[in-house]
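Here is how the chains run, residue by residue.
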Amino acid sequence: SAFNMQPSVISTPYILIGQHDNFFVRDVAYLASLLCYMEDESWLQCVHFPSTATLNYVTKVKRRYQLDIGKFCVGYNGGSFIPL
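Analysis parameters
Residues numbered from 1 in each chain as written. Predicted model: local features only at pLDDT ≥ 70, side-chain atom pairs only at ≥ 80, totals over all residues. Heavy atoms only, no water. Helix = DSSP H or I, 4+ residues; strand = E, 2+ residues; numbered from the N terminus. Buried < 20%, exposed > 50% of the residue type's maximum accessible area, 1.4 Å probe, protein only. Contact = heavy atoms within 4.5 Å. Areas by Shrake-Rupley, 256 points an atom, 1.4 Å probe, with all protein chains shown as cover. Arc of directions from axis to C-beta.

Q: Hey, could you run me through the overall build of the protein in this one?
A: The number of helices and strands found in the protein is two helices and two strands. The helix and strand sequence of the protein, counted from the amino end, reads α-α-β-β. Counting across all 84 residues of the protein, residues that qualify as buried make up 12%. Within the protein, residue pairs in contact and separated by at least 24 positions form 52% of the contacts whose partners lie at least 6 positions apart. Approximately 7100 Å² of the protein is accessible, and the part contributed by carbon and sulfur atoms is 55%.

Q: How should unusual backbone geometry be read in this particular structure?
A: Backbone geometry follows two general trends: most residues other than glycine have a negative phi, and most peptide bonds adopt the trans configuration. Located in the positive-phi region is Gln 66, a residue other than glycine, with phi close to 55°. Relative to the assigned elements, Gln 66 resides in the loop between α2 (57–65) and β1 (74–76).

Q: Would you take a moment to explain helix α1 (residues 31–40) for this structure?
A: Along an α-helix, residues three or four positions apart point the same way, because every turn accommodates 3.6 residues. The set of residues buried in α1 consists of Leu 34, Tyr 37 and Met 38. All buried residues of α1 project into a common sector of 100° when viewed along the axis, lining one side. Opposite the buried face of α1, at more than 90 degrees from it, the exposed residues are Ala 32, Glu 39 and Asp 40. Tucked into the core, α1 has its buried residues touching β1 and β2 (79–81).

This is the structure we're talking about:
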């Protein structure tokens, strides 16, 4: 794995992993409120931001695996959380 760090080295509740091949498609203007939301919602443990690879993710999953993950989307601050 490209990211291999001992858990004892991490001292913050969140980490950001930036990958050179992940092209984001819009600004993330709501990061502070998103982090607050993550503190209140124990089910939300990892967030991936929209990129060129995930623009049509719901459609891709439905076409490839016949799974309708769209019904599990949770709206938040003008966007939505989609299960990966």
